[in-house]
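# Examination of the molecular architecture
One-letter residues, chain by chain:
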Amino acid sequence: MTEPAPTVPPPSPGEDPAPSAPSSSPRRARALLPDLAPWRSSRDFRLMWCAGLVTTFGSFLTLVALPLQIKELTGSALAVGAIGAVELVPLIVFGLYGGALADAMDQRNLILRTEAGLGLLAVILLVNTLLPDPVVWPLYLVAGLASALTGMQRPALNAIVPRVVPHDLLAPAAALNALRWQVGAIAGPSLAGVIIAYAGLPWAYALDVGTFLASLTLVVGMAPSPASHGASKPSLRGIVEGGRYAWSRKELLGTYAVDLAAMFFAYPVAIFPFLADDLDAPWALGLMYAAGSAGSLVVSLTSGWTSRMHRHGRMVVTAAAGWGLAMACAGWVDNVWLVLLFLAVAGGSDMVSGIFRSAMWNQTIPDELRGRLAGIEVLSYSVGPQLGQVRAGAMASLTHVRVSVWSGGLACLGAVGLLALALPGLMSYDARTDEHALRTRAARRAREQEQERARDLPGGRQEPSATAP
């Protein structure tokens, strides 16, 4: 999708000026590559990115090892499926509470403490696995506690990004964070299968423990990120206040609603094993799980264009519609390679939507509410896939697996279209002119100027920092 503009805006920080004719082709090629300006502009972003990459890699090792261990200990598919039920409620409850915490305390310390807690849970898994007779119940306990800690941590991870990255670089920062996640999502499970097969479960858990030690070391090196002035203590009233703010921002509410609709109607991951059997290609099951991540990775690796898009709402809607259409096509075709291709296209579309949702949130939400709104975001991207798997399984049992896939894709298209009509503010959003984006940008500049004046006071001069608390 191209975005017409009456005038050519000045280049953002880290963006090349308009290329001259002789070198336009190389410049265009570079423009497709990820924009590394957030890396160059912020040491804290580099530390956080590397810590997240290490942690994501280790967490995907456990994501494969934990259900496999429950399967080996119980032999029950129901017991394995119960992991999702154990994880869902803590993620919702502590995601909302974590959003309130992120607004009320130092965000770096919150990330540090939850990361340490997750590391201790990995140690428990390792110790249990080394027992002569490993016990089942600690696996569910750890799964629930890990979900709670993850829910508490995610809002702080999201809310801290606008503090450590310049305002105009938030879209490429979101793309780089997505790239980090996709690398871990592909490499972690792939290596986990090899490690478990040849070395055993204890080694997978031990590597996860090692990744948490490495990430803790990196997070410790980040600058403090204290709460905003006048921040209130975490409370139910504060959480409700965040919900009211989200409700008052219909274009912001639209990003949550579009993502929920896309995941609810067109997230058929739970029935991939049945789809592989229906296509007479059980060998392709692993590829089906990896196809979406591969498509997302391609988008992340060619995400340089995202910093030049300003109508983020339109991009979110267009990408969500692309997700639904690709899923519908995956259900229609009967060639397994075409199914994999459409699943990859769906993953790429979802990544585009995610990049612009993140940029829109980070560019417009006031600093004092960012944590609580990030908590609501946790709901939008955790509840949707969970309910979507229930929908896909129920529809497949009532009709046919491929009917479940293509009908969900069409339902997604219809729901996204209705939301676009019902929320014109989402479609008209422009980061260059939106009042909330302009206000947030001005507030950040005011904080930076205040910090500069404080550094220039006699006796208070210090080295400039890339971090803007």
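Everything in this summary refers to the structure shown in the same document.

The rules behind each value
Residues numbered from 1 in each chain as written. Predicted model: local features only at pLDDT ≥ 70, side-chain atom pairs only at ≥ 80, totals over all residues. Heavy atoms only, no water. Helix = DSSP H or I, 4+ residues; strand = E, 2+ residues; numbered from the N terminus. Buried < 20%, exposed > 50% of the residue type's maximum accessible area, 1.4 Å probe, protein only. Contact = heavy atoms within 4.5 Å. Areas by Shrake-Rupley, 256 points an atom, 1.4 Å probe, with all protein chains shown as cover. Phe/Tyr/Trp six-rings, centres within 6.5 Å; stacked < 30°, edge-to-face > 60°. Polar contact = N/O pair within 3.5 Å; in protein donor to acceptor, adjacent residues only side chain to side chain. Axes fitted to C-alpha atoms, helices over the stretch in contact; angles between N-to-C directions. Left-handed = near helix turned anticlockwise from the far one by under 90°. Nonpolar A, V, L, I, M, F, W, Y, C, P; charged D, E, K, R; others polar. Core = buried A, V, L, I, M, F, W, Y, C linked by side-chain atoms within 4.5 Å. Salt bridge = Lys/Arg side-chain N within 4 Å of Asp/Glu carboxyl O. Patch = residues over 30% accessible without salt bridge, like charges linked within 9 Å, V, L, I, M, F, W, Y side chains within 5 Å. Expected span 1.5 Å × (residues − 1). Arc of directions from axis to C-beta. Parallel < 35°, antiparallel > 145°, perpendicular 65-115°, else oblique.

Right, let's get into the overall build of the protein. Along the backbone of the protein there are 18 helices and zero strands. Out of the 469 residues in the protein, the part that is buried amounts to 49%. Across the protein, the fraction of contacts at a sequence separation of at least 24, relative to all contacts at a separation of at least 6, is 85%. Surface summary for the protein: the accessible area is close to 21200 Å², and the carbon and sulfur share equals 68%.

In total, this model carries three aromatic pairs according to the counting rule given. On the numbers, 5.4 Å between centres and 70° between planes, the contact of W39 with W49 is edge-to-face. In this pair, W39 sits in helix α2 (residues 37-41) while W49 sits in helix α3 (residues 43-74), placing the two residues ten residues apart along the sequence. Both rings, one in F264 and one in F265, keep their centres 4.9 Å apart while their planes meet at 80°; by these two values the pair is edge-to-face.

Take the side chain of Q153 next. Take Q153: it is sitting in helix α6 (residues 137-164). Within the local environment of Q153, its side chain forms a polar contact with the side chain of E115, the two groups lying 2.8 Å apart. In this view, Q153 contacts I111, T114, E115 and L118; residues no more than four positions away in its chain are not counted.

What follows is about the packing of α3 against helix α7 (residues 170-198). Packing of α3 against α7 leaves a shortest axis separation of 8 Å and a crossing angle of 35°. Considering how the two elements wind past one another, α3 and α7 form a crossing that is right-handed. In terms of residue class, the contact of α3 with α7 is built from 21 nonpolar, five polar and one charged.

Before going further, it helps to spend a moment on the nonpolar core. Judged by nonpolar contacts, the single largest core of 51 residues is most densely connected at M288, W323, V339 and L343. Secondary structure elements with two or more residues in this core: α7, α10 (250-265), α11 (272-278), α12 (285-301), α13 (312-332), α14 (336-364), α15 (370-398) and α16 (401-422). A per-element tally of this core places α14 first, with ten residues. Aside from chain neighbours lying at most four places away, what touches M288 is F272, L275, A276, L279, V339, L340 and L343.

The next thing to look at is the pattern of salt bridges. Evaluated as defined, the whole model comprises six salt bridges. One salt bridge in this structure joins R439 and E435, with 3.2 Å as the shortest N-O distance. Taken as a pair, R439 and E435 lie in helix α18 (residues 435-456) at a separation of four residues, close to a single helical turn. Within the structure, one salt-bridge network assembled from shared partners comprises R311, D430 and R432.

What follows deals with a nonpolar patch on the surface. Taken together, V89, V93, F94 and Y97 make up a surface patch of nonpolar side chains, about 340 Å² in accessible area. We classify Y97 as partly exposed; its relative accessible area is 35%.

Helical geometry note: an α-helix holds 3.6 residues per turn, so side chains three or four residues apart project in the same direction. Under the 1.5 Å per step criterion, the end-to-end length of helix α9 (residues 236-248) is 18 Å for 13 residues, consistent within 8% with the ideal 18 Å. Those residues of α9 that sit buried are G238, G242, Y245 and A246. Buried residues of α9 fall within an arc of 100° about the axis and therefore sit on the same side. Seen from the buried face of α9, the exposed residues on the opposite side, beyond 90 degrees, are L236, R237, R244 and W247.

Here the focus is the environment of G52. With respect to the helices and strands, G52 occurs in helix α3. The class of G52 is buried, set by a relative accessible area of 15%. On a C-alpha basis, the gap between G52 and F212 in space is 9.7 Å, while along the polypeptide they are 160 residues apart.

A rise of 1.5 Å per residue sets the reference length of helix α8 (residues 201-220), with its 20 residues, at 28 Å; its end C-alpha atoms lie 29 Å apart and thus fit the reference within 8%. Of the surrounding elements, those touching the buried residues of α8 are α3, α5 (107-130) and α7.

This next bit is on the packing of α5 against α6. Between α5 and α6, the shortest axis-to-axis distance is 9 Å and the interhelical angle comes to 155°. Regarding the angle of α5 to α6, the classification is roughly antiparallel. Seen along the crossing, α5 lies across α6 with a hand that is left-handed. Residue composition of the contact of α5 with α6, by class: 17 nonpolar, six polar and three charged.

Worth remembering: the numbers are spatial, not functional.
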